[in-house]
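# Summary of structural features
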Amino acid sequence: MLEKQNLALPIAIVIAGALIGGSLFFVGRTNAPATDTTPAVAQKDIPGVTSADHSMGSIDAPIVIVEYTDLECPFCKQFDGTMKQVVANYGGKVAWVTRNFPLQQLHPNAPKLALGAECVASLGGNDAYWKFLDSIFLQAPINTFFDMTKLTSTAEGVGVNGKEFNTCVASGTFQEKITNEFNDAVGAGGQGTPFSVIVLKDGMSNSTKKALGDLQATLQPGTLLVSKGGKQIGMGGSQPMEIIRSVLDVLLAGK
């Protein structure tokens, strides 16, 4: 499975320019925060959000931000704090979902951390999943690496049975899920982590599209990529709160 991950990302970067076609319109100018790689180039929509996703906030909210994350990525650790602010500030209007995008070539432990997170979710539920991520990031803040010998004790610390957790991780129960989510991110244009997709429950009106386009003077080209159907917006990198707020306020203005 991991071989597919290693191949998918560089291939996507090479062919992205050829596939961009007429399926997207771009929003952006000036500078944006650094990311692991270049800004995203979307190719297709991601699968819809369901109750099986790891969510903070109601997935029935008008807007759901789906973050494809790598638990060893420093920018994902930074973005985690930003997204908690988003959920707190837009309670009921914006939900947050995380999916897996472990970049093994950059972060060797990321695939196993992803497996661990999925096993925690299956054994302990949604709350345990989020507590597990908090604990991983607390033990290994930005520009440090998590001590993998503490993986089991970290799972136990959020209420999961250690023996069951180890069996789940060793069996690779969720490897196919992780690989599928990785490839979904690549297919949607993800070229680095975090890669997020803003999913709009009701799409956008023409006036909202115009207002979103007016943000281009403050954003780097390619920071936001709106799908042809107008219901998904790709967003590359650990964007700061002010940029996310400006986008959300435009999208929510007509709600």
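Residues numbered from 1 in each chain as written. Predicted model: local features only at pLDDT ≥ 70, side-chain atom pairs only at ≥ 80, totals over all residues. Heavy atoms only, no water.

So, about the packing of aromatic side chains. Under the criterion given, the structure shown has five aromatic pairs. Aromatic side chains Y68 and F195 sit 6.4 Å apart centroid to centroid with 35° between the ring planes, which places their arrangement in the tilted category. Linking Y68 in strand 3 (residues 63–69) with F195 in strand 5 (residues 195–200), this pair joins segments that are 127 residues apart in sequence. For the pair Y68 and F195, a shared accessibility class is recorded, and that class is buried. On the numbers, 5.4 Å between centres and 85° between planes, the contact of Y129 with W130 is edge-to-face. An aromatic cluster is built from W96, Y129 and W130, whose rings are joined through pairwise contacts. (Phe/Tyr/Trp six-rings, centres within 6.5 Å; stacked < 30°, edge-to-face > 60°. Helix = DSSP H or I, 4+ residues; strand = E, 2+ residues; numbered from the N terminus. Buried < 20%, exposed > 50% of the residue type's maximum accessible area, 1.4 Å probe, protein only.)

On to the state of the cysteines, then. Here the structure, examined in full by the defined rule, presents one disulfide. The thiol of C73 is unpaired, and the distance to the nearest cysteine sulfur, on C76, comes to 3.3 Å. Note on C73: relative accessible area 0%, which makes it buried. (Disulfide = S-S within 2.5 Å.)

What follows covers unusual backbone geometry. Residue T193 is joined to P194 through a cis peptide bond whose omega torsion reads -5°. Positionally, P194 belongs in the loop between helix 7 (175–187) and strand 5.

So, on to the pairing of strand 3. Across the seven residues of strand 3, seven count as buried, placing the element largely inside the fold. Across the two faces of strand 3 the burial is the same, with I63, I65, E67 and T69 and V64, V66 and Y68 all buried. Bridging between strand 3 and strand 4 (residues 94–100) involves seven bridges; their strand directions are parallel. Looking at the pairing, V66 lines up with V97 of strand 4. (Pairing = 2+ DSSP bridges.)

Turning next to the pattern of salt bridges. As enumerated under the stated definition, the model contains six salt bridges in all. Between R99 and D53 there is a salt bridge, and its shortest N-O distance comes to 2.9 Å. Remark: D53 occurs in the loop between strand 1 (24–27) and strand 2 (54–56) and R99 occurs in strand 4; sequence separation between them is 46 residues. With a relative accessible area of 11%, D53 lands in the buried category. Note that K177 and E181 form a salt bridge whose closest N and O atoms lie 2.8 Å from each other. Of this pair, K177 and E181 are both found in helix 7, four residues apart, which corresponds to roughly one turn of the helix. (Salt bridge = Lys/Arg side-chain N within 4 Å of Asp/Glu carboxyl O.)

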